[in-house]
Amino acid sequence: EGDLQTVPVEVEAKQPPVDAAKPARRKMAYLTNVKTFLTFIVVTFHITIQFSFDGADGIGTHDYQLADPSDPTNYANAKFRSFLTGAQWFTDMNQSYFMAA
């Protein structure tokens, strides 16, 4: 009665057929690397914006120091931060292809 060698025909007929036409999905490592790199660039871009440009005045990281703080529109003799030059280049380069697509 409990012989493992004999399997009823009804049980064999109920097994799902093996789908030989469905190939296994290949993971494309280069696409994963591109997505990881672009995610890093986007996060770095937004951090750079916060710490370099006047748009980040909510956290007190202006890109300049006014000679006369009582007149915020007078940029004469203002001292610009050294980070500004590199940040300007980095954000301009990234915006050229972020916004171009």
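The structure under discussion appears in the preceding block.
Read on for an overview of the structure. (Residues numbered from 1 in each chain as written. Predicted model: local features only at pLDDT ≥ 70, side-chain atom pairs only at ≥ 80, totals over all residues. Heavy atoms only, no water.)

## Observations regarding the overall build of the chain
- Within the chain, the regular secondary structure consists of three helices and two strands.
- The order of helices and strands in the chain, counted from the N terminus, is α-α-β-β-α.
- When the 101 residues of the chain are sorted by exposure, 16% land in the buried category.
- In the chain, of all internal contacts separated by at least 6 residues, the share reaching a separation of at least 24 is 43%.
- Only carbon and sulfur atoms are counted for the fraction: they give 61% of the accessible area of the chain, which is about 8,800 Å². (Helix = DSSP H or I, 4+ residues; strand = E, 2+ residues; numbered from the N terminus. Buried < 20%, exposed > 50% of the residue type's maximum accessible area, 1.4 Å probe, protein only. Contact = heavy atoms within 4.5 Å. Areas by Shrake-Rupley, 256 points an atom, 1.4 Å probe, with all protein chains shown as cover.)

## Here we look at helix α3 (residues 83-98)
- Look at α3: 22 Å from first C-alpha to last across 16 residues, which is about the 22 Å you get at 1.5 Å a residue.
- The complete set of buried residues in α3 reads Leu84, Ala87, Phe90, Thr91 and Asn94. Seen from one end, α3 has its buried residues packed into an arc of 135°, which puts them on one side. Facing away from the buried side of α3 by over 90 degrees, the exposed positions are Thr85 and Trp89.
- Each element contacted by the buried residues of α3 is listed here: α2 (29-52) and β2 (79-80). (Expected span 1.5 Å × (residues − 1). Arc of directions from axis to C-beta.)

## What to know about the packing of α2 against α3
- With their axes 10 Å apart at the nearest point, α2 and α3 run at an angle of 135° to one another. Accordingly, the angle class assigned to the pair α2 and α3 is oblique. The crossing of α2 and α3 is left-handed. Taken together, the residues of α3 that come into contact with α2 (itself represented by Leu38, Ile41, Val42, Thr44, Phe45, Thr48, Ile49, Phe51 and Ser52) are Phe83, Leu84, Ala87, Phe90, Thr91, Asn94, Gln95, Tyr97 and Phe98.
- Here the contact of α2 with α3 is composed, by residue class, of twelve nonpolar, six polar and no charged. (Axes fitted to C-alpha atoms, helices over the stretch in contact; angles between N-to-C directions. Parallel < 35°, antiparallel > 145°, perpendicular 65-115°, else oblique. Left-handed = near helix turned anticlockwise from the far one by under 90°. Nonpolar A, V, L, I, M, F, W, Y, C, P; charged D, E, K, R; others polar.)

## Looking at the side chain of asparagine 94
- Positionally, asparagine 94 belongs in helix α3.
- The buried category is assigned to asparagine 94, whose relative accessible area is 4%.
- For asparagine 94, the side chain forms a polar contact with the main-chain oxygen of phenylalanine 90, separated by 2.9 Å.
- With sequence-adjacent residues up to four places away left out, asparagine 94 is seen in contact with Ile41 and Phe45. (Polar contact = N/O pair within 3.5 Å; in protein donor to acceptor, adjacent residues only side chain to side chain.)

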